[in-house]
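# What the coordinates show
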Amino acid sequence: MAVVTMREALNQALREEMLRDENVFLMGEEVAAYEGAYKVTKGLLAELGDKRVIDTPITELGFAGLGVGAAMAGLRPIIEFMTFNFSILATDQIINSAAKMLYMSGGQFKVPIVFRGPSGSAFQVSSQHSQAIESWFSYFPGLKVVMPSTPADAKGLLKSAIRDDDPVIFMEQERMYGNKGEVSDDVEFTIPLGVADIKREGTDATIVARSLMVPMALKAADVLEQQGVSCEVIDPRTIRPLDIETILKSVKKTNRVVIAEESHPYFGVSAEIGSQIMERAFDYLDASVRRVSGADVPMPYAKNLEELAIPGVDQIVAAVREVAYLD
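Rules and cut-offs
Residues numbered from 1 in each chain as written. Predicted model: local features only at pLDDT ≥ 70, side-chain atom pairs only at ≥ 80, totals over all residues. Heavy atoms only, no water. 1 Å grid on protein atoms, 1.4 Å probe; cavity = no way out; pocket = protein on both sides within 12 Å on 5 of 7 lines; lining within 4 Å. Points joined across faces, edges and corners; volume = space filled by probe spheres on them. Nonpolar A, V, L, I, M, F, W, Y, C, P; charged D, E, K, R; others polar. Domains from an automatic or database assignment. Buried area = accessible area lost by both parts, 1.4 Å probe. Helix = DSSP H or I, 4+ residues; strand = E, 2+ residues; numbered from the N terminus. Pairing = 2+ DSSP bridges. Axes fitted to C-alpha atoms, helices over the stretch in contact; angles between N-to-C directions. Contact = heavy atoms within 4.5 Å. Buried < 20%, exposed > 50% of the residue type's maximum accessible area, 1.4 Å probe, protein only. Salt bridge = Lys/Arg side-chain N within 4 Å of Asp/Glu carboxyl O. Phe/Tyr/Trp six-rings, centres within 6.5 Å; stacked < 30°, edge-to-face > 60°. Lys NZ or Arg CZ within 6 Å of the ring centre and 35° of its normal.

### Observations regarding the layout of surface pockets
- Its volume calculated, the largest pocket comes out at about 290 Å³.
- Residue lining of the largest pocket: 14 residues in total, with S138, Y139, G268, V269 and E272 positioned closest to the centre.
- Counted by class, the lining of the largest pocket contains 8 nonpolar, 4 polar and 2 charged residues.
- Formed jointly, the lining of the largest pocket draws a minimum of three residues from each of two domains, domain 1 (2-183) and domain 2 (197-323).

Written out as structure tokens, the structure reads:
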């Protein structure tokens, strides 16, 4: 075990899987010579060469399509988007080709490809570069959607994503690359997709949080502990497939739930989780499901307005107090 940053954990996962399987290769803008816009691919070109680590032109639709074709031919591409906002330009290849090919070919073509890169808000990069669009990709059958919140989860989940035979959307929160945590140095360390993690056990309320909201939820749980409220924090880690059973088990124990997310509230992941809780655990609820989401506006550029648009500890604490009938 060693303490590393999120970017270092991702780098370890990429290196280990590329050394393990010669069919794995990495492609994207500035991933090779520049070693990645966020240095996640540092050192890979020097170690593995320019046939395995490939710089592309600024054409997301083009290199995403090239990756899908390579996956159909038996390779295992990792496509890096400099930011997931740019994946919007490649959605035809992701949604109409990668997600549907196994089904449309009657099982003849697998598409073992990973689309990865930073997602969600960064620091003052404004509305076109600060979108949390996981609900968009989660809507489509055929795609798996992963959102790690710790360095260990990032490494273990990315290794599993690379080994998976289905297309995986792997979203790394841009603000979290420098976050540190203990990570296994075992080259066979993996975390299965579709399994939630209980980040903190509690008895009075459940907080379901993902990505950037996980450390926020854990801080909120610390505050609430001082106020006499014991919170359980559940990190789904994988949005599709969703481990709803772990969430339901927690809700049945605590009888109250708050869902915290960075993304917009309308038609989002929290709406789906909340709906499933209401359908499958209604009789266990002592209060209605409460959601804490980002503001329903394009992300502002101004720092003070940006801070208002992203939910934080205070909003989560207030929501838990509400479902616990303390306010």
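The rest of the description comes next.
### Points about the domain arrangement of the protein
- Per the domain assignment, the segments of the protein are domain 1 (2-183) and domain 2 (197-323).
- In this structure, domain 1 and domain 2 have C-alpha centres spaced 26 Å apart.
- Taken over both partners, the interface formed by domain 1 and domain 2 buries close to 2100 Å², and the fraction arising from carbon and sulfur atoms is 54%.
- Interface area lost by domain 1 to domain 2 is led by Q124, M147 and S149, which between them contribute 26%.

### Considerations on empty space enclosed by the protein
- A complete count under the given rule lists 2 cavities of 30 Å³ or more for this structure.
- Roughly 70 Å³ of volume is contained in the largest cavity.
- The wall of the largest cavity is formed by 14 residues, among which A132, E134, M147, S211 and E262 lie closest to the centre.
- At 3 residues, strand β7 (residues 168-173) tops the list of elements feeding residues into the lining of the largest cavity.
- When the residues that make up the lining of the largest cavity are grouped by side-chain class, the tally is 5 nonpolar, 4 polar and 5 charged.
- Taken domain by domain, the lining of the largest cavity gets at least three of its residues from each of domain 1 (2-183) and domain 2 (197-323).
- One number sums up the size of the second largest cavity: a volume of about 30 Å³.
- Every residue lining the second largest cavity is listed: G36, A37, Y38, K39, V40, T41, E80, R116, P118 and Y177.
- Classifying every residue of the lining of the second largest cavity gives 5 nonpolar, 2 polar and 3 charged.

### Digging into the sheet that holds strand β9 (residues 197-200)
- What the 5 strands build is an open sheet, ordered β9-β11-β10-β13-β14; its pairing is mixed. Either end of the sheet is taken by a strand with one partner, and the two such strands are β9 and β14 (290-292). Ignoring which end each strand starts from, the neighbouring axes of this sheet average 25° apart.
- By the bridge criterion, 3 bridges tie strand β13 (residues 257-260) to β14 in an arrangement that is parallel. When the sheet's bridge partners are listed, V258 is paired in β14 with R290.
- Strands in contact with helix α10 (residues 269-281) are β10 (205-209), β13 and β14; relative to β13, the strand with the most contacts, it is inclined by about 160°.

### Brief notes about the pairing of strand β8 (residues 180-183)
- Side chains G181 and V183 of β8 all project onto a buried face; the interleaved residues K180 and E182 project onto a face where none is buried.
- Of the pairings in the sheet, the one linking strand β1 (residues 2-5) to β8 comprises 4 bridges and is antiparallel in character. Note on β8: the bridge partner recorded for V4 is G181.

### Topic: the pattern of salt bridges
- The final tally for this structure, using the stated rule, is 25 salt bridges.
- The salt bridge partner of K159 is E16, with a shortest N-O separation of 2.8 Å. Of this pair, K159 sits in helix α7 (residues 151-163) while E16 sits in helix α1 (residues 6-20), placing them 143 residues apart in sequence.
- Using a relative accessible area of 16% as the deciding quantity, one classes E16 as buried.
- One salt bridge connects E188 with R163, and the closest N-O pair in it is separated by 3.2 Å. Of the two residues, E188 is situated in the loop between β8 and β9 and R163 in helix α7; the sequence distance between them amounts to 25 residues.
- Given a relative accessible area of 25%, R163 falls into the partly exposed group.
- When salt bridges that share partners are traced, they join E16, E17, R20, K155, K159, R163 and E188 into one network.

### A word on the packing of aromatic side chains
- Scanning all chains against the criterion turns up 8 aromatic pairs.
- For the pair F81 and F84, a centre-to-centre distance of 5.6 Å together with 65° between the ring planes defines the contact as edge-to-face. Each member of the pair, F81 as well as F84, is classed as buried.
- For K39, the ring lying beneath its charged end belongs to Y34, and the centroid distance is 3.6 Å.
- For the cation-ring pair, R175 lies above F123, with the distance from its terminal atom to the ring centre recorded as 4.2 Å.

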